[in-house]
Structures are given as structure tokens and as C-alpha cells.
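Residue-level structure breakdown
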Amino acid sequence: MSVTDTAWIDAALTSARPQAVGALLRYFRNLDTAEEAFQNACLRALKSWPQNGPPRDPAAWLIMVGRNVAIDEVRRNKKQQPLPEDDQAISDLDDAEDEIAERLDGSHYRDDILRLLFICCHKDLPATQQIALALRIVSGLTVKQIARAFLVSEAAMEQRITRAKARVADANVPFETPGAVERSERLASVAAMIYLIFNEGYSASGDTAEIRAPLCEEAIRLARLLLRLFQSEPEIMGLTALLLLQHARAEARFDADGQVILLDDQDRSLWNQKQIAEGLALIDKAMRHRRSGPYQVQAAIAALHARAEKPEDTDWTQIDLLYGALEVMQPSPVITLNRAVAVSKVKGPEAALEMIEPLAPRLANYFHYFGVRGAFLMQLGRNEEARIAFDRAIALANTTAEAAHIRMHIDRLMRDSQPRNAKAGK
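Residues numbered from 1 in each chain as written. Predicted model: local features only at pLDDT ≥ 70, side-chain atom pairs only at ≥ 80, totals over all residues. Heavy atoms only, no water.

It is worth spelling out the overall build of the protein chain at this point. A tally of helices and strands in the protein chain yields 19 helices and zero strands. Split into buried and exposed, the 426 residues of the protein chain put 48% on the buried side. Contacts in the protein chain between residues far apart in sequence, at least 24 positions, make up 63% of those at least 6 positions apart. Split by element, the accessible area of the protein chain, about 21200 Å² in all, is 50% carbon and sulfur. (Helix = DSSP H or I, 4+ residues; strand = E, 2+ residues; numbered from the N terminus. Buried < 20%, exposed > 50% of the residue type's maximum accessible area, 1.4 Å probe, protein only. Contact = heavy atoms within 4.5 Å. Areas by Shrake-Rupley, 256 points an atom, 1.4 Å probe, with all protein chains shown as cover.)

This is how it looks when you write it as C-alpha cells:
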């Protein structure tokens, strides 16, 4: 069976994972057991679903199958007291909302996912371990994918996740949703984890874009769920708005061949106006609280792009100012690089190039740095330097679509550098 044939199964498993793992974790009270039970259920799904079609409720199917397989394994290995029969509730917490007979569709995530999120983001874990563990357990990203997000080696990330699991086990973390005070303390880590899940899907391109798109949708669902729990928290409004406004452009970001289409070249009629309207309403509501934060600022930038009917209508001066505010809140060479794009629109490529030159040591292995630098150099007519920058960008490209986009610039440079008689065919 080809990748295309199983893409719908991958999407269903990705979408159902948080709810299924959350329920299994509450039942077995062990991260490794819950994750292994889910993986075994996925293996059964890969064998069963292609022949029988998807179940009405993939999450409920995976919970039941994963639970039964894990129970059999426990019985074989430990000969424990008989465990509950299949027709009893998944949870032993006497929680009416967790009856196995209840529908577990995408609109009823409830406490299972939040419990899972907050356990992964427990205060006993360093922030980097919290987010890495949540990305692995909640969203099912591979160690390689998480390592790329953190710019570390796979071995280092594997070790980080293993240590996080061990610390959760050693700390005897309670497998219930924490109280209001604890939830607020861990909110920043949970929000950061959701943002990284979204970015993993958003950064996919080419052949992987459609398969990884459910990650963006999953992040939006999680953000909405978090917003229902923290209805008056402006940063969660900002996060949700940011994800919606970014994802609204999904249909216009790639051409039929999977090649990247830059923002200025996108067909804006393809943008999802319903998501844009929801995002704009959320960021406007968040700003009225007058407690600005990084997600709100990023959402405000995305809102300015969304409100521009044509590229030339974009308020680049305001975007420059917002990136300046973001630099103060979260100093980062990547934020400065993004701001330089706005500066190039307002003050020209020379000012933008001057801004990013000091970033070279810290972004020496960052694809987008060399792509942006090459673009500025090309605008200034410094074609040889631009070609060198583009060559470096291709070497650092994470996807074939990224590399193909840079090759288009190189091809343009080559055409522009040809002698005039050669262009005329003489």
C-alpha cells in the first residue's frame, strides 16, 4: 500500500492520538504503558482499517483496542488481580464523562487532553523537557522532528525525553487535571508546546504538506480547548488567533507541484475567510485587555497581512514597529531576521541587509537566513554574493520545496547575468 493510500489513516491516527493517549494514561497511570498501548492500537488499525474502513469514532476504537492489548500484556507479565471487563468505564475515577459508550469526537476533548498536557508540562521538569515530552507523547512527533525544532541532535533529544519520562515517574505525578493555581503556572509551557505542534505542521511542504496538515488543525483544536478553560487570558486568545490567521493561508501557500508560493504572490481569494474572521475577532478582543504578550504581537502582525486585500496594501511600517516590540519581549535572531523583511519594504534592502549582517554567527546553519540575505543582495544587484548565499541556503534546505524555491532565484540570477547578445539568441 502506498503512502497516498494510507494518508487518511495517518491523519486519523494523528487527530485521535491526544484523546486516546490521555484516556490510556489515566487508566494505566504510566506514560510508557499508555504510549505503547496506543502504538499497538495503531498497528491494529493499519491492518484493520484498510479492509474494513475507518470506525465511526477512531479515538474510541483506539482507546478500546489499546486498553485491551495492554491489559493482556499486563496479565501475561504480572499476573495481577483481574482488571475491569471491556464493558466497564475506561477510567477508575468514577467520571461520568469517560464512559466508553460516549462519543469521543473532535468536539468533546474535555479533560483527557488537558490532563495529558499538564502532566507533560509538570513544574518538576525543565521547560525544554516539558515541551519535548509533550510533543512526543501528545502529538506523536518523532525524535528527529522534535530535535529539528530545538536545533539539537537526535541523540540529545532522545536523552532529554527519556529523562523527562523518568522524572515524571519518580515525582509520582498525580494523574488528574491539576487545580486552578497549578494550571496557570504551567500555562506558558502548554501554550509553547501547542505553538511548536502548529509550526511542525506549518513548516511542512511539498509531498509532506498534506499529510502534516493535521498537526496545524490539532494545534488549533488544542488552543481552542485551552481558551475554553482560560476564557479571559489574552495570551491564549492571541495564540489561538495567530494559529487561525496563519492556517487561513494554507490553500494558497503551495502550487499544484508543491512549490512554495511567497505571501506577496499568493492568490488571496483562496484564504479561508471564516478562519480570518475568527482570528481577527480574537486578537481584537485580546488587545482590549491591555496585557500584551508575544502571541498577541505575532497575531497582530498576521492580522495586518490578513486585512490587506492586495500586497501593496500591507502596512509594513506598523509590522516593523510590532516586530520591534516583539524583539524587546523575546530577543531572538530569528525575530530580527523577520523584522528585516519589513524594514526592506519600508527603508529598502540596504538597510535590511545591514540589520541582518550581525546575525550571521548565530544563524550560520539556518536556511532562511541565507535565503533572505540572498534576496536582499539580489535586489541590490550584488548577484555573485547573492548566488553564494543561495547556494548555502540550498545546502541547508529542510525540504525539496525549499530547495526548489531557492533554485528559482539562482536561475533568475543566471538569466540576468547572461550577455545581451546571448539573451537575444545571436
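After that view, the rundown keeps rolling.
Core analysis: the biggest nonpolar cluster contains 90 residues, and Leu62, Leu117, Leu133, Met193, Ile194, Leu226 and Leu243 have the highest contact counts within it. With 11 residues, helix H1 (residues 3-28) is the single largest residue contributor to this core. Those residues within four positions of Leu133 in sequence are excluded, and the remaining contacts are Leu31, Cys120, Leu125, Val138, Ile161, Ala164, Lys165 and Val168. Core analysis: the next-biggest nonpolar cluster, separate from the first, contains 23 residues, Val343, Leu353, Tyr369 and Leu396 among them. (Core = buried A, V, L, I, M, F, W, Y, C linked by side-chain atoms within 4.5 Å.)

Below, the discussion takes up the packing of aromatic side chains. Per the counting criterion, the structure on display carries six aromatic pairs. When the centroid spacing of 6.5 Å and the interplanar angle of 20° are considered together, the rings of Trp8 and Trp49 count as stacked. Here Trp49 lies in helix H2 (residues 31-52) and Trp8 lies in helix H1, a separation of 41 residues in the sequence. Their ring planes at 85° and their centres at 4.8 Å tell us that Tyr27 and Phe28 sit as a pair that is edge-to-face. In this structure Tyr27 comes out as buried when scored by relative accessible area, which is 11%. Site record: aromatic cluster; members linked through ring pairs are Trp8, Trp49 and Trp61. Over the ring of Tyr202 we find Arg253, and its NZ or CZ is 3.8 Å from the ring centre. (Phe/Tyr/Trp six-rings, centres within 6.5 Å; stacked < 30°, edge-to-face > 60°. Lys NZ or Arg CZ within 6 Å of the ring centre and 35° of its normal.)

Our next topic: the pattern of salt bridges. Under the criterion given, the structure shown has 14 salt bridges. A salt bridge links Glu35 to Lys165; the shortest N-O distance between them is 2.9 Å. Taken together, the residues span a long stretch of sequence, with Glu35 in helix H2 and Lys165 in helix H7 (residues 154-170) at a distance of 130 residues. Per residue, the accessibility class of Glu35 equals that of Lys165, and both read buried. A salt bridge links Asp264 to Lys345; the nearest nitrogen and oxygen atoms lie 2.9 Å apart. (Salt bridge = Lys/Arg side-chain N within 4 Å of Asp/Glu carboxyl O.)

At a minimum axis distance of 9 Å, the contact between helix H5 (residues 127-137) and H7 shows a crossing angle of 95°. As judged from the angle between their axes, H5 and H7 are roughly perpendicular. Contact residues: H5 offers Thr128, Gln129, Ala132, Leu133, Arg136 and Ile137, while H7 offers Met157, Arg160, Ile161, Arg163, Ala164, Lys165, Arg167 and Val168. Its residues placed into classes, the contact of H5 with H7 shows seven nonpolar, two polar and five charged. (Axes fitted to C-alpha atoms, helices over the stretch in contact; angles between N-to-C directions. Parallel < 35°, antiparallel > 145°, perpendicular 65-115°, else oblique. Nonpolar A, V, L, I, M, F, W, Y, C, P; charged D, E, K, R; others polar.)

With that settled, consider the confidence of the model for the protein chain. Scored by pLDDT, the protein chain comes out at a mean of 82, with 84% of its residues at no less than 70. Segment residues 83-109: pLDDT under 50, and 57 contacts once partners within four positions in sequence are set aside and those in other chains are kept. Low pLDDT, under 50, characterises residues 420-426; the stretch is placed with four contacts to residues that sit more than four places away or in other chains. (pLDDT = per-residue confidence, 0-100.)

A word on the state of the cysteines. The tally for this structure, following the rule as stated, stands at zero disulfides. As a non-bridged cysteine, Cys120 has Cys121 as the owner of its nearest cysteine sulfur, 6.4 Å distant. The exposure class assigned to Cys120 is buried, which follows from its relative accessible area of 0%. (Disulfide = S-S within 2.5 Å.)

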